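What follows is each chain in one-letter form.
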Amino acid sequence: GENVEQHPSTLSVQEGDSAVIKCTYSDSASNYFPWYKQELGKRPQLIIDIRSNVGEKKDQRIAVTLNKTAKHFSLHITETQPEDSAVYFCAASRYKAAGNKLTFGGGTRVLVKP
Amino acid sequence: DSGVTQTPKHLITATGQRVTLRCSPRSGDLSVYWYQQSLDQGLQFLIHYYNGEERAKGNILERFSAQQFPDLHSELNLSSLELGDSALYFCASSVAAGGSDSYEQYFGPGTRLTVT
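Treat the numbers as computed from the prediction; the structure is a model and nothing was measured. (Residues numbered from 1 in each chain as written. Chains lettered and ligands numbered in written order. Predicted model: local features only at pLDDT ≥ 70, side-chain atom pairs only at ≥ 80, totals over all residues. Heavy atoms only, no water.)

Points about the layout of surface pockets
Then, in step 1: By volume, the largest pocket is sized at about 600 Å³.
Then, in step 2: Lining the largest pocket we find 24 residues, and of these Gln38(A), Val87(A), Arg109(A), Gln37(B) and Leu39(B) sit closest to its centre.
Then, in step 3: Tallied by class, residues from the lining of the largest pocket come to eight nonpolar, 12 polar and four charged. (1 Å grid on protein atoms, 1.4 Å probe; cavity = no way out; pocket = protein on both sides within 12 Å on 5 of 7 lines; lining within 4 Å. Points joined across faces, edges and corners; volume = space filled by probe spheres on them. Nonpolar A, V, L, I, M, F, W, Y, C, P; charged D, E, K, R; others polar.)

So, the sheet that holds strand S6 (residues 56-59) of chain A
All names here are of chain A.
Then, in step 1: Here five strands make up an open sheet; going across it, the order is S1-S3-S8-S7-S6 and the pairing antiparallel. Looking along the sheet, the strands with just one partner apiece sit at the ends: strand S1 (4-7) and S6. Going across the sheet, the axis of each strand differs from the next one's by a mean of 15 degrees, ignoring polarity.
Then, in step 2: Here strand S7 (residues 62-67) runs beside strand S8 (residues 72-77); their pairing, made up of six bridges, is antiparallel. Looking across to S8, one finds that isoleucine 62 is bridged to isoleucine 77. (Pairing = 2+ DSSP bridges. Helix = DSSP H or I, 4+ residues; strand = E, 2+ residues; numbered from the N terminus. Axes fitted to C-alpha atoms, helices over the stretch in contact; angles between N-to-C directions.)

Some remarks on the interface of chain B and chain A
Then, in step 1: If you look at the interface, chain B gives 24 residues, while chain A gives 18 residues.
Then, in step 2: Around 1800 Å² of area is buried between chain B and chain A when both sides are counted, 57% of it from carbon and sulfur atoms.
Then, in step 3: Interface area lost by chain B to chain A is led by Leu43(B), Tyr103(B) and Phe107(B), which between them contribute 34%.
Then, in step 4: Here chain B is connected to chain A by one salt bridge.
Then, in step 5: Scanning the region where chain B abuts chain A turns up five residue pairs in polar contact (both at pLDDT 80 or more). (Contact = heavy atoms within 4.5 Å. Buried area = accessible area lost by both parts, 1.4 Å probe. Salt bridge = Lys/Arg side-chain N within 4 Å of Asp/Glu carboxyl O. Polar contact = N/O pair within 3.5 Å; in protein donor to acceptor, adjacent residues only side chain to side chain.)

Concerning the sheet that holds strand S1 (residues 5-7) of chain B
Strands pair in a sheet through their backbones, by hydrogen bonds, and they do so in one of two ways: parallel or antiparallel.
All names here are of chain B.
Then, in step 1: Reading across from one edge, S1-S3-S8-S7 is the order of the four strands in this open sheet, with antiparallel pairing throughout. Every interior strand has two partners, whereas the edge strands, S1 and strand S7 (64-68), have only one. Going from strand to strand, the sheet's axes swing by 15 degrees on average, the running direction of each strand aside.
Then, in step 2: Two elements, S1 and strand S3 (residues 19-24), share three bridges in a ladder whose sense is antiparallel. Looking across to S3, one finds that glutamine 6 is bridged to cysteine 23.

What follows is the structure, given as structure tokens:
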């Protein structure tokens, strides 16, 4: 089955700096890669996603890049703010086969210091 | 608010007991996915239902079962509970089983299960 590895497990940045989280996946048939943000005790919230036919996607201060050859995708947060502090999860799935079960990475705890 | 609801928010029960967790998907969503989040295992897929039918199983124990009803709400039944079953249980909903325009999953607020 699919295996997703996520690094780093913790990330501390100064407010205004950029944060980068990296994930690798094992199943070359995976074609959908969402990122979720989870605040303490709350639900995972979808913040951005990318499909395998796209190399990069941006939404305001966040962007995701995908390298299918290397089976690697990354989340970039620019101009970080204290409210970006949370745990971020990457995930991968084959969204057209037998549903869309997500395989998650282990999570990255991001702390933005004011 | 994602539009996905889950009840109860918290559940405390003893080992050996049985509990039922309930999930109502967003209006119009036909798929319900169940995930377990524990400190040592992270977020893990349990099971997927689409329009009342089971579509995929993940790391779901035999003591656990689920179903989706005609009104599309879903229930996750956990029996013979063990201490290690203590976790956050999330459901997520999506429009369809899989398709080019319906792949986003939106999570409910979760049920925190504590087994003592």
